[in-house]
Amino acid sequence: MRYILVLIAGLLVICACKSKKLDAIQPEIPVINLDIKLVSDFKFARKQIDFTLDSNWLTAQFEDKVKWEITIVGLQSGAQIKLSGNSDSLGRFNTAWHGGNSSTMFFKAGERAVATLNSPGSANKWSDTCTITKAKNNFGSNVIVWWDMDAVGVAKQGTAYWFEYWDGTNNAEKVLNVIQNVTSPIQGNYRSVIGNDSAKGGNPNNYYVGGVSHSPLASPFVGFSNATIGDIYMNVYLRKTTKTAAIYVGVQGDVAGVTSELGTDFEITWEGWKLVSLKLSDLKMTGPNFDPSKLKQFVMTPRAAANGMTGFDIDFICFTKGKPFDQLNK
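Being a predicted model, the structure only gives us computed values, none of them experimental.

Enquirer: I'm lost on unusual backbone geometry in this one. Help?
Expert: Despite not being glycine, Ala256 shows a phi value in the positive range, around 50°. Within the fold, Ala256 resides in the loop between β13 (244-255) and β14 (258-266). The exposure class assigned to Ala256 is exposed, which follows from its relative accessible area of 75%. Its identity as a non-glycine residue notwithstanding, Phe316 has a phi of 50°, on the positive side. For Phe316, the position within the fold is in strand β18 (residues 308-321). Look at Phe316 and you get buried, because its relative accessible area is 1%.

Structure follows, in structure tokens:
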């Protein structure tokens, strides 16, 4: 009996030792407070920011480590970006803002941006504002802004480099393309492409009304060297304005003086603005070959669902290498 008691006591000692060893190697779980208590004010590092030259960030010191969320909203554009993290302070390394956003709209030059700080589950909020003197216009070496309709990009702004063509000889068939400026576009200006299939000229049975094209102003060609069509994306912001059976978007390139074109038809089934990103290798090719380093023309064609008006709005045409356009690209 005494032997059994000694054996049990020994086992208890061994188990206790193992428990202590296990406790010793378990990682320490940090405590994250839900409520934010500020030691220093929440504020922008720069009250005025030129995003063509620099970035901005937010600063604050907390009493403890907290889980925080920050939302920055443009008061005119409605653009916004969201930041989040777990830390005991805010600074350049965890709140850097390079002028991009996580919404459809872009931040605008001249507008005020409001940053709001809060913690999930807490009713407390803090805010500060800054003024954007110049908006972001450089998205890195893997982004070529063909034209943003606001005089930024290789093509700049100029109607002389927009070409119109239409079906038949009747002027009612003519495709109009005009610059528009309203209170809540992607940035400022956008291009509205409008056509009318009057059934009086050309061949009305295919509901073709013509289209528009745009060539770069800076040089005969732009593009990415050392790339294939599998590396490149064509990106455009689109919204419909009338019932349209489909639109065609494409890009033309040059190989040894011979023009080839990559493009596709699709229907705008959504409401409002949307970014459409198309990989060039997924598009239909017309021509012998395609060189992504020699892009020379962007083309758009609306197709009416029936006789009558057809059209769409377009903004911020750009080409990207490696992945679709992302406004947060540095």
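Enquirer: Help me out: how do you make sense of the environment of Lys296 in this one?
Expert: On the secondary structure map, Lys296 appears in strand β17 (residues 295-304). For Lys296, a relative accessible area of 22% translates into the label partly exposed. Residues Lys296 and Val251, spaced 45 residues apart in sequence, show a C-alpha to C-alpha distance of 7.6 Å. Sequence-distant contacts of Lys296, defined by excluding residues within four places in its chain, comprise Trp146, His214, Ser215, Pro216, Pro220, Phe221, Gln252, Gly253, Asp254 and Thr259.

Enquirer: How should I be thinking about the environment of Phe93 in this particular structure?
Expert: Looking at where Phe93 falls in the secondary structure, it is placed in helix α2 (residues 92-95). With relative accessibility at 88%, the residue Phe93 sits in the exposed group.

Enquirer: Explanation requested: the pattern of salt bridges in the structure shown.
Expert: Should the charged atoms of two oppositely charged side chains come close, the side chains can pair. Counted under the stated rule, the structure contains five salt bridges. We note a salt bridge from Lys47 to Asp128, for which the minimum N-O separation is 3.0 Å. Of this pair, Lys47 sits in the loop between β1 (38-44) and β2 (48-50) while Asp128 is found in strand β6 (residues 125-134), placing the two residues 81 residues apart along the sequence. A salt bridge links Asp54 to Arg92, with the shortest nitrogen-to-oxygen separation between them at 3.9 Å. Highlighted residues: Asp54 in the loop between β2 and β3 (58-74) and Arg92 in helix α2, separated in sequence by 38 residues. Overall, the relative accessible area of 41% leaves Arg92 in the partly exposed class. If you follow the salt bridges from partner to partner, you end up with Arg46, Asp54 and Arg92 in one network.

Enquirer: I keep staring at the confidence of the model for the protein and nothing clicks. Help me out?
Expert: Note that predicted coordinates carrying low pLDDT should not be read in detail. Taken residue by residue, the protein gives an average pLDDT of 81. The fraction at 70 or more is 74%. Ranking the elements of the protein by mean pLDDT puts helix α1 (residues 2-25) last, at 48, and β2 first, at 98. Throughout residues 18-24 the model reports pLDDT below 50, and contacts reaching past four residues in sequence, or to other chains, amount to zero contacts.

Enquirer: Explain the nonpolar core here, please?
Expert: Among soluble globular proteins, nonpolar side chains are generally buried collectively. Membership of the largest hydrophobic core comes to 35 residues, with the highest contact counts inside it found for Trp68, Ile70, Ile72 and Trp97. Secondary structure elements with two or more residues in this core: β1, β3, β4 (80-90), β5 (112-118), β6, β7 (143-147) and β18. Excluding its chain neighbours within four sequence positions, the residues that come into contact with Trp97 are Phe44, Phe51, Ser55, Asn56, Ile72, Ile81, Phe107, Ala113, Cys130 and Ile132. Of all hydrophobic cores here, the second largest spans 32 residues; its members include Trp147, Val249, Val251 and Trp270.

The rules behind each value
- Residues numbered from 1 in each chain as written.
- Predicted model: local features only at pLDDT ≥ 70, side-chain atom pairs only at ≥ 80, totals over all residues.
- Heavy atoms only, no water.
- Helix = DSSP H or I, 4+ residues; strand = E, 2+ residues; numbered from the N terminus.
- Buried < 20%, exposed > 50% of the residue type's maximum accessible area, 1.4 Å probe, protein only.
- Contact = heavy atoms within 4.5 Å.
- Salt bridge = Lys/Arg side-chain N within 4 Å of Asp/Glu carboxyl O.
- pLDDT = per-residue confidence, 0-100.
- Core = buried A, V, L, I, M, F, W, Y, C linked by side-chain atoms within 4.5 Å.

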